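Chain by chain, the residues run as shown.
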Amino acid sequence: MSLNGWHRGERGIHEKLGHTEDYTIMSLYHGISGDLPEEHAIFYTTRLPFLPIVTLDASGRPWGSVLAGRDGKPGFVSRNRYNVLSVDAKLWVGEPLLRNLEGYTESESTLVAGIGVEYSTRRRNKFAGKVISLEKNGENIHFDVSVSEALGNCPKYITIRDLVPNPDTLPIISYENLNLEQNDRLPEDVISFILESDTVFLGTIYTAPAEEASRYPSHLGMNQRGGRKGFIRVLPSDGRTVVLPDFSGNRFMTSLGNIEADPLASLTFISFTTSSILYLTGTATNHIGTSAHQLMPTHNQNALTTLHVTGYTLVANALPIRQRPGTEPLPSPYSPPVRLLAEESGLGPTKEGATALLTRIEMHSSTLATFTWEPSEKLSIVAGQAAILDFTPLLGAQAYQHMAPSNPASLNDDRVRTWTVSRSSTESFSLTMREKPGGAVTGALFSIARKLQAVRPTLLEDARPLALTVGLVGVSGEFVLPPTPRYGMQKLLWLAGGIGVTPFVAMIRGLDPEAKYNVHLVLSTREPEVLLPLLEEALLSHQHNAGSTFAFDVFSEKDVPDLKNEKGVVLRKHRGRVARALIELDSDVGEKEVYLCGPVAFEEAVLGILGDLGVDKARVRREGFGY
C-alpha cells in the first residue's frame, strides 16, 4: 500500500513546526514503502534477537510488547511470503500481548507495528501492518503479519550494546496497575527505572475517520527514542506524567503526527543489565513553543511529548537477552545533554523575553575569562547557582542537518548554555568560563574578547557599546551552601577539578559573615596561577567571621604561587593529582558537608576515594559539566 500523503495528524504537526512551505519535508512520505523491502526482510529474520511491537488492548489503548525466541538468538522471525513476516516467540507473565490478542479473530483487523534495532551497528527499520493469522500454545505464540508500511531509520540516538543470549530467565511481575485512579502515582522503583533508561520504544495509533479511511487507513506506529541516561523525565508533582523530549531527526514526524490525531501512546523500557521490562500506556500530548518551554525551560529544540500514564506493568528478569558482562554501552555522540524539568531544576522565574547585556570582560588567560552581564530584570541568585542563557540572538538558530559526522553535537545545539555564576548582585552577574575547543558559544565569546583585547581594550572594561544581548532563560541549581548554622561551626569540604572551582568562588562570597565556617578546599588544576587569584579575590571582597578558618590544598604539576594578600588562609602545595592520603588526614571528613565539582573523570576518582573512607556517596553534593 503506497501512501497518499500525510494524514490529518501529520499535517497538523508539520504545520505547528513550520514545515508546510518546505516541499522537501512535505514530500518525505514518498520514502515510506508500501511493501516489505528484501533487505528489511533479511534484517528482521537474521539480525535481531528481539523485536519491539505495539498492539491495542480491549479499550483501544496501545501497549508495547517485546518479542524474542526461547533461546534469545536471531531467527525467531521468518518470511515465507512476499509481504508477510512470521513470528515464533516465547511470551512471559505480564506481557501485554497475552491480553491484547485474546479476542483475535481472522474476520477482524488486528493492527500491529514494530521496529527492529541492531544494537551493534545502530541499524534500524520499522514496519506497520496487521495480524492475519494467530496460534497460541501456552507461553508460545506464532502469528503472521501482513506488512503494509516499511521505513528505514537513521542511526542517531542509538546506544551501541554488545548483547548476548540469556535464556535462563525467571520472569516475575514486580509492579502492575492496568487502570490507575485519578490520584495514583507510579511506584518509586518504576520512576527510577525510567530515569535510568537511555532508550525507549514509543507506540502510537492513528484511527482514520470514515471519510478518510480509504485514503489514509488506520494504522499503528512503533519507534525508538534514545539519548543520554535520564533524558526522559517524570513530573515530580504528579509522579505519573512522563516527559519525552524530541531531538532533531528525519522530520517525517509520523509518531508525533499520530499523537496529534489520536492522543494515546505507549512507552516500553528495557534494562539490558537485568532483563527487566517496563510497559506503560496512557494519554499523550505534544507540546511545542511556550507549552514545551514551561515544562522543560532549557529544551528549545523541536518539541516535547508527555504521557499521562493510565496503566503499567514492570516485569523483572523477562528478556532472554542481556548486555555482555564486562562490557559498557557506547552512547550516541548525537545525544544532547540531559535537560531537567522546570519542576525539578529549581529554575528561578524570569519574564518571557528576558535578556542579558554583556557589560564587562576580564581575561584571566587566553582560554579563561569572566563575562559580566546586566539582566533586563532583577535577579535573586544564590551562591552556587547557575545562569541559563540563550545565545540564538548572537549566533542565529542552528540550521537543520540530518547527520553531522564531523560534529554530531551540533544537530541538537539549541544555543542554550548553563554556567555557574561566579559573582552576582541584583543588578549583574558574572560567568567565569573556559573556551571549549570547537565550541560554538565560547568560541564566539572568546573571539570577541581577543579582538577587543587587541584593538579596543577599553571595551573590555565597559562592553555596553557593543550592545551584545542574549536571551536570559533563568537561574537554576541546588548546588548551594547548606542553611546558615545558628550555633557552632559549619564544616565544609569542597573538592574541585579545574574550572570546577567556580561555584566555590561564588560560595566564598556567599558565606554568612555572622556565622563561623571551617572551609577545606581541595583543588586539582593545571593552571594554579590563574585559579588561585580568583579565590583570593573572592576572599578579599567579602567580610568573614573572625572565627572562620580556610585551608586550601592545591594539587598541580606546575608551581603553585603564594597568596599575595590574604592572611589567615592555610595554603598547602602538592605535586600531582589529588591523593587519598590528604583526604584521609581530614579526620572529621565524616562530619563535613561534602561538595564535588569537576570533570567526570575527576569526580569519579574522588568519589572512589571518599567511598573507601566510608563516606556515603549519597551525602556528596555534585555539580557536573553539561555541554
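Anything mentioned here points back to the structure above.
A. Layout of the packing of helix α12 (residues 502-510) against helix α13 (residues 528-540). Interaxial distance between α12 and α13 falls to 8 Å at its minimum, and their mutual angle equals 15 degrees. In terms of their interaxial angle, α12 and α13 are classed as roughly parallel. Seen from above, α12 lies across α13 with right-handed handedness. In this structure, α12 contributes Val505, Ile508 and Arg509 to the contact, and α13 contributes Leu534, Leu535, Glu537, Ala538 and Leu539. Class assignment for the residues of the contact of α12 with α13 results in six nonpolar, no polar and two charged.

B. Representation of the sheet that holds strand β3 (residues 77-81) in the model. Reading across the sheet, the seven strands line up as β2-β1-β5-β6-β7-β4-β3 and stay open at both edges, with antiparallel pairing between neighbours. Strand pairing shows two members of the sheet lacking a second neighbour, β2 (62-68) and β3, which therefore form its edges. Across the sheet, the mean angle separating the axes of adjacent strands is 35 degrees when strand polarity is ignored. Together, β1 (50-56), β3, β4 (84-90), β5 (110-118), β6 (123-137) and β7 (140-153) form the strand contacts of helix α3 (residues 38-46), whose direction differs from that of β6 by roughly 65 degrees.

C. Structural context of the side chain of Thr204. By the element assignment, Thr204 lies in strand β10 (residues 199-206). Of the polar contacts made by the side chain of Thr204, one reaches the side chain of Asn258; its length is 2.9 Å. Aside from chain neighbours lying at most four places away, what touches Thr204 is Leu220, Gly221, Ser255, Asn258, Ile259, Leu264 and Ala265.

D. Quick peek at the packing of aromatic side chains. Here the structure, examined in full by the defined rule, presents 15 aromatic pairs. Relative to Tyr119, the ring of Phe50 has its centre 6.1 Å away and its plane inclined at 15 degrees; by these criteria the two rings are stacked. A residue pair is termed long-range when its members are at least 10 positions apart, and Phe50 in strand β1 and Tyr119 in the loop between β5 and β6 qualify at 69 residues. Take Tyr119: its relative accessible area is 2%, and that puts it in the buried class. Among the aromatic residues, those joined into a cluster by ring pairs are Phe479, Trp494, Phe504 and Tyr595. Directly above the aromatic system of Trp63 lies the positively charged group of Arg99, at a separation of 5.1 Å from the ring centroid.

E. Inspection of empty space enclosed by the protein at higher detail. As enumerated under the stated definition, the model contains seven cavities of 30 Å³ or more in all. Taken as a whole, the largest cavity holds about 350 Å³ of empty space. Lining the largest cavity are 23 residues, with Asn223, Arg225, Asp246, Gly249 and Asn250 positioned closest to its centre. Every element with two or more residues in the lining of the largest cavity is listed here: β6, β11 (219-226) and α6 (254-261). Tallied by class, residues from the lining of the largest cavity come to eight nonpolar, nine polar and six charged. Its boundaries defined by the atoms lining it, the second largest cavity holds a volume of some 300 Å³. What lines the second largest cavity is a set of 27 residues, among which Glu10, Ile32, Glu149, His219 and Thr254 lie closest to the centre. The set of elements that each furnish at least two residues to the lining of the second largest cavity consists of β6, β7, β11 and α6. When its residues are assigned to classes, the lining of the second largest cavity shows 13 nonpolar, ten polar and four charged.

Rules used in this analysis
- Residues numbered from 1 in each chain as written.
- Predicted model: local features only at pLDDT ≥ 70, side-chain atom pairs only at ≥ 80, totals over all residues.
- Heavy atoms only, no water.
- Axes fitted to C-alpha atoms, helices over the stretch in contact; angles between N-to-C directions.
- Helix = DSSP H or I, 4+ residues; strand = E, 2+ residues; numbered from the N terminus.
- Parallel < 35°, antiparallel > 145°, perpendicular 65-115°, else oblique.
- Left-handed = near helix turned anticlockwise from the far one by under 90°.
- Contact = heavy atoms within 4.5 Å.
- Nonpolar A, V, L, I, M, F, W, Y, C, P; charged D, E, K, R; others polar.
- Pairing = 2+ DSSP bridges.
- Polar contact = N/O pair within 3.5 Å; in protein donor to acceptor, adjacent residues only side chain to side chain.
- Phe/Tyr/Trp six-rings, centres within 6.5 Å; stacked < 30°, edge-to-face > 60°.
- Buried < 20%, exposed > 50% of the residue type's maximum accessible area, 1.4 Å probe, protein only.
- Lys NZ or Arg CZ within 6 Å of the ring centre and 35° of its normal.
- 1 Å grid on protein atoms, 1.4 Å probe; cavity = no way out; pocket = protein on both sides within 12 Å on 5 of 7 lines; lining within 4 Å.
- Points joined across faces, edges and corners; volume = space filled by probe spheres on them.

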